[in-house]
Every structure is written in structure tokens, then in C-alpha cells.
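In case you want the letters, here they are:
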Amino acid sequence: MQRKYSFTPENYYHIYNRGIEKRAIFIDRKDYERFLIYLYLCNNISPVDIRNLYSKGLSFAEIMSISRKDTLVEIGAYCLMPNHVHLLVREKKDGGITNFTKKLFTGYSMYFNKKNQRTGRLFENIFKAEYINQDRYLKYLFVYIHLNPVKLIEPQWKEKGIKNFKKVEEFLNHYPWSSFHLYNKNLPDSIIDKKNFPEYFENSKEFKVFLDDWLNFTKDRPL
């Protein structure tokens, strides 16, 4: 399956991938942490041997602090859901996204299959990618990606609105598998590279206000 366009340096893309037949791709905390490790280490021009790192007894935090020679892409946002993932990336060099995603999804699939004694594809045929050609759309995706976990506690929030705003806000603040907290609390992170993404939110307060506005949307403002 060929894409309608090629990835080009300095452009932004929304990358997302789903488990085949919508199956779960994350079963426990170990799975989520392993994917974050791949997300960090596969963004590297050098080969990755994660099994060797684990054989040395390195912790999750120690692995996430390993220095990389040079990255293939810049990641502005991410969200891991039970059966799919969202990434907001900027291509740094020719072939960057292609090489990064190949290492990322292949490496994680091999880990998951071995752990669960299964064979075959874990993800759908090819990851989806959308070219972001408008600043407004890029800003929208920052919010859309970070609001994905809301459906875990309020499955119909897009159609019927938020029933318990305080509960949702608290849930997002403590959801560990997205970059939400990095913007909401303005924290540093080894995966996220903010410097080449527009500074939509100069501080965590502005980011929270913008998210609150989206969480309070009506049926006339669908995502």
C-alpha cells in the first residue's frame, strides 16, 4: 500500500496506528513502558538493542536517560491508548519518519509477540499519516491527541458532552501514557522536543485554559 505523498523534512505529521482487528496492543504497565522506551530509543540514527540494556539490569528511568547520537524526528505530542497510539512528529531529515516508525512498530511487535507467545501482525497493514499543512490544524491536533484518554472513562463524551468535568480533568492529569502532563505542568521530558514546534502555550496555565475550552465543547463543535 503506497502513500499519496512522501514525508519531507521540516513538515509536521500526525502518525497513528491501531492493533489489528482493533485488538489491545498494551495489556499491562510493562507494555506501556516498553513502548515509551522504543519511542525514545528508536528515534536515533544508530541501531537499537533494547534486550542488551535490560540484560544489564537497567531501570526504566536509566534507559530513558541514555544519550542518543542524533534523532530522526522531533516528537511534539504522544498518547498511548489500549489499542492504538497517536504521535505528532516533525520530519528532521529525508527518511526520518520512515526509519523511525519501522524501528518503533517492528521492535514493539517483536517484543509483544514474544511476551505473549503469539505470531503474526500486531498492527494494521501500515500506519496512518496525515500531513499537517495549516497552523490551526496543528494546534487542534495538540489538543485532540491529549484528549484521547477521555473516552476511557466517558465513552460518549464527543457525542453527549462531559458528564463529570472535574473527574475528567483529574483523570487526564494523572494519565501516565501521554505527554499531557508535560504541557499541563510544563515539565521536561526525554521523548518530547518542544523547540521546533510552535509555542502555542507559553505556560501551563494557557495550555490548561485551551484544553478546558475543548472539554466544554457542545455537539455543535465536534472533534
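Above: the structure in question.
**A closer look at helix 1 (residues 29-41)**
Item 1. Over its 13 residues, helix 1 extends 18 Å from the first C-alpha to the last, a length consistent with the 18 Å expected when each residue adds 1.5 Å.
Item 2. For helix 1, the secondary structure elements touched by its buried residues are helix 2 (50-55), helix 3 (60-63), strand 2 (73-81), strand 3 (84-91) and helix 4 (96-116).
Item 3. Where helix 1 begins, one side-chain oxygen reaches toward the backbone nitrogen of Lys30, 3.2 Å away; that side chain belongs to Asp28.

**Things to note about empty space enclosed by the protein**
Item 1. Scanning the model with the defined rule gives one cavity of 30 Å³ or more in all.
Item 2. Along its surface, the largest cavity is lined by Glu169, Leu172, Asn173, Phe180, Asn184, Lys208, Leu211, Asp212 and Leu215.
Item 3. Listing elements by their share of the lining of the largest cavity, those giving two or more residues are helix 7 (165-174), helix 8 (180-184) and helix 9 (204-215).
Item 4. Looking at the lining of the largest cavity, the element that brings in the most residues is helix 9, giving four residues.
Item 5. For the lining of the largest cavity, the residue count by class is four nonpolar, two polar and three charged.

**Some remarks on the environment of Glu130**
Item 1. Along the chain, Glu130 falls in strand 4 (residues 128-132).
Item 2. Taking the relative accessible area as the measure of exposure, Glu130 reaches 27% and is therefore partly exposed.
Item 3. Here the alpha-carbon distance between Glu130 and His14, two residues 116 residues apart in the chain, equals 5.1 Å.
Item 4. Within the local environment of Glu130, its side chain forms a polar contact with the side chain of Tyr137, the two groups lying 2.3 Å apart.

Conventions we followed
- Per chain, the residues get numbers from 1 upward, laid out in the order the sequence is written.
- Local features in this predicted model are restricted to residues of pLDDT 70 or higher, and side-chain atom pairs are both shown and tallied only at a pLDDT of 80 or more, whereas totals for entire chains, interfaces and linings draw on every residue.
- As a rule here, side-chain values come from all non-hydrogen atoms in the structure, and water together with hydrogens is ignored.
- Helix and strand definitions follow DSSP, with helices as H or I runs of at least four residues and strands as E runs of at least two, each counted in order from the N terminus.
- To estimate how far a helix should reach, multiply one less than its number of residues by 1.5 Å.
- The criterion used for residue contact is that any of the two residues' heavy atoms lie within 4.5 Å.
- Polar contacts, as counted here, are pairs of nitrogen or oxygen atoms within 3.5 Å of one another; within protein the pair requires one atom able to donate a hydrogen and one able to accept it, and residues that are adjacent in sequence qualify only if both atoms are side-chain atoms.
- The pocket and cavity definitions rest on a 1 Å grid over protein atoms only: a 1.4 Å probe that fits but cannot leave marks a cavity, an open set with protein on both sides within 12 Å along at least five of seven lines marks a pocket, and residues lining either have an atom within 4 Å of a point.
- Grid points are joined across faces, edges and corners, and a volume is the space filled by probe spheres set on the points.
- Polarity classes work like this: nonpolar for Ala, Val, Leu, Ile, Met, Phe, Trp, Tyr, Cys and Pro, charged for Asp, Glu, Lys and Arg, and polar for all others, with Gly in that last group.
- Any residue under 20% of the maximum accessible area for its type is buried, any over 50% is exposed, and the rest in between are partly exposed; the area is computed with a 1.4 Å probe on protein chains only.

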